[in-house]
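Notes for the structure review
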Amino acid sequence: MTIYDIAKEAGVSASTVSRVLNNRPGINKDTRDKVLKIIKEHNFSVSEAARGLVNKNTNMVGILVSDIRNQHHIEGAYMISQHLIEKGYCSILMNAGESDESKAQYVEILASRRVNALVLIGSTFQCEAVENAIAKYMAKIPVIFQNGYFSLPNVSSVLTDELSGTMDAVNYLYAQGRRKIAFINNNDTPSNRKKLKGYEIAVGERNLPEYIIPACPDSAEGGAEATEKLLSIHPDVDAIVYSVDILAVGGSRYLLDIGKKIPLDIALIGTDNSPYSKISNPRLSTIDSKLGELSRSCYEILMKAIEDSTYVEHKVIMPTLVLRETT
């Protein structure tokens with residue numbers, strides 16, 4: 001069925017059917033009810049793709065994550081998409097991959113789908129290839145960057161101050177009497193560089209030694225292996241800050257397996273306040289990156305930018321420490 005078929009059966013014009021479908025005024029109740037009854041009888045639905053071609057508004061927002069298996073990133077994408085649904089927008093979620101070239105290619109793919117806006121989830125997108133792709137293919141649509149930054153005129157950003165969050169964790173451990181504080185990192189991203197820098201500043205201010213494992217697999221197994229490596233080099237470590245919670249969960253399991261008492265022998269702090277931190281045993285102390293506030297702010301800024309193409313905002317969210325059984 002087309003609107004012309006609906007119009008013929010209802011004895012009205014196609015423009016009248018269109019006005020009913022779009023809930024426009026100027027149609028009397030009897031005509032509106034008659035058209036709606038026929039639409040319902042035939043299970044008629046509007047082709048959003050066709051509508052988008054006519055009014056140049058697809059009501060679609062592209063959301064890119066580099067790895068859909070990343071629990072923190074996919075939860076942020078979910079939160080934003082749920083807000084968008086409430087405003088009548090359909091989200092296209094794509095797994096862009098780890099290489100800079102692949103991420104840039106997905107920007108081009110979403111541009112070809114004529115999305116109304118783009119959301120980038122995670123600092124891994126903060127690279128020259130993606131920035132150039134946005135400038136080339138999406139220069140006239142709003143872009144919101146969750147936990148990353150580009151100095152482009154159409155790109156807004158919301159970031160967690162991860163440098164200060166890691167500093168707070170180290171300072172808390174120091175106040176608890178810890179003097180051999182280590183940092184275990186999962187991979188090299190702009191976000192993790194800030195965490196590492198925060199660690200280095202905090203231990204430097206306290207004249208403490210640095211104990212750093214710079215890169216390990218982003219998994220519980222990776223955290224366990226990195227913790228084992230750390231203790232084989234520095235067996236006197238009495239506290240560890242992990243760049244993400246899942247590493248700390250693996251590290252905690254390894255330490256318990258070798259007879260270490262947590263937090264008596266070694267205190268642990270993860271990052272993100274993810275579900276892993278709440279269900280681990282012992283429950284994990286963590287740096288809360290405020291994912292809910294981060295995602296809500298991204299959505300709110302994006303809506304303003306969609307309504308006003310000149311609107312750009314950059315916002316920083318302050319993290320907090322959530323103290324549980326590992327400290």
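Anything mentioned here points back to the structure above.
Bear in mind that the values here come from a model prediction, so they are computed numbers and not experimental data.

About the thresholds
- Residues numbered from 1 in each chain as written.
- Predicted model: local features only at pLDDT ≥ 70, side-chain atom pairs only at ≥ 80, totals over all residues.
- Heavy atoms only, no water.
- Helix = DSSP H or I, 4+ residues; strand = E, 2+ residues; numbered from the N terminus.
- Buried < 20%, exposed > 50% of the residue type's maximum accessible area, 1.4 Å probe, protein only.
- Contact = heavy atoms within 4.5 Å.
- Areas by Shrake-Rupley, 256 points an atom, 1.4 Å probe, with all protein chains shown as cover.
- Lys, Arg positive; Asp, Glu negative; His and termini not counted.
- Charge placed at Lys NZ, Arg CZ, Asp CG, Glu CD.
- Axes fitted to C-alpha atoms, helices over the stretch in contact; angles between N-to-C directions.
- Parallel < 35°, antiparallel > 145°, perpendicular 65-115°, else oblique.
- Left-handed = near helix turned anticlockwise from the far one by under 90°.
- Nonpolar A, V, L, I, M, F, W, Y, C, P; charged D, E, K, R; others polar.
- Pairing = 2+ DSSP bridges.
- Core = buried A, V, L, I, M, F, W, Y, C linked by side-chain atoms within 4.5 Å.
- Phe/Tyr/Trp six-rings, centres within 6.5 Å; stacked < 30°, edge-to-face > 60°.
- Lys NZ or Arg CZ within 6 Å of the ring centre and 35° of its normal.

**Observations concerning the overall build of the protein chain**
Counting its regular elements, the protein chain contains 13 helices and 12 strands. For the protein chain, the spread of C-alpha atoms along the principal axes amounts to about 85 × 40 × 30 Å. Counting every position in the protein chain, which comprises 327 residues, the buried fraction comes to 49%. When contacts within the protein chain are restricted to residue pairs at least 6 apart in sequence, long-range pairs at least 24 apart make up 70% of them. Total accessible area on the protein chain stands at roughly 15900 Å², and carbon and sulfur atoms take up 50% of it. Averaging the positions of the 36 positive and the 39 negative side-chain charges in the protein chain gives two centres separated by 6 Å.

**Focus on the packing of helix α5 (residues 71-86) against helix α13 (residues 291-307)**
For the pair α5 and α13, the least separation of the axes is 9 Å and the interaxial angle reads 40°. Considered as vectors, α5 and α13 are oriented oblique to each other. Of the two possible hands of crossing, α5 and α13 adopt the one that is right-handed. Contacts between α5 and α13 pair H72, E75, G76, M79, I80, H83 and L84 from the former with L291, G292, S295, R296, C298, Y299, L302 and M303 from the latter. Taken together, the residues of the contact of α5 with α13 sort by class into 8 nonpolar, 5 polar and 2 charged.

**Focus: the sheet that holds strand β9 (residues 267-271)**
Ordered in space as β7-β6-β8-β9-β10-β12, the 6 strands form an open sheet in which the pairing is mixed. Each end of this open sheet is capped by a strand with a single partner; those strands are β7 (211-213) and β12 (320-322). Shown here is a sheet whose adjacent strand axes are inclined to one another by a mean of 20°, direction ignored. Sheet topology note: the strand β10 (residues 285-288)/β12 ladder contains 3 bridges and is antiparallel. By the bridge assignment for β12, I287 is matched with L321.

**Some thoughts on the sheet that holds strand β2 (residues 90-95)**
Taken together, 6 strands build an open sheet; the order of strands is β2-β1-β3-β4-β5-β11 and the sheet is parallel. At either margin of the open sheet sits one strand with a lone partner, and together these are β2 and β11 (314-317). Between one strand axis and the next, the sheet turns through 15° on average, direction left out of account. Two elements, strand β1 (residues 60-65) and strand β3 (residues 117-121), share 5 bridges in a ladder whose sense is parallel. Each residue of the ladder has a partner; that of I63, found in β3, is V119.

**Looking at the nonpolar core**
I181, I184, L230, I240 and L268 are the most contacted members of the largest nonpolar core, which has 37 residues in total. Elements with a minimum of two residues in this core: α8 (162-175), β6 (181-184), α9 (190-205), β7, α10 (220-233), β8 (239-242), α11 (245-257) and β9. Top contributing element to this core by residue count: α11, with 5 residues. In this structure, I92, M94, L110 and V115 belong to the second largest nonpolar core, which totals 23 residues.

**Brief notes about the packing of aromatic side chains**
Going through the model one piece at a time under the given rule, you end up with 2 aromatic pairs. Pairing F145 with F150 gives two aromatic rings, centres 5.1 Å apart and planes at 45°, and the pair type is tilted. Pair check on accessibility: F145 and F150 agree, each one buried. The ring of F125 is capped by K103, whose NZ or CZ atom sits 5.8 Å from the centre of that ring. Lying across the ring of Y174, R179 places its NZ or CZ 3.7 Å from the centre.

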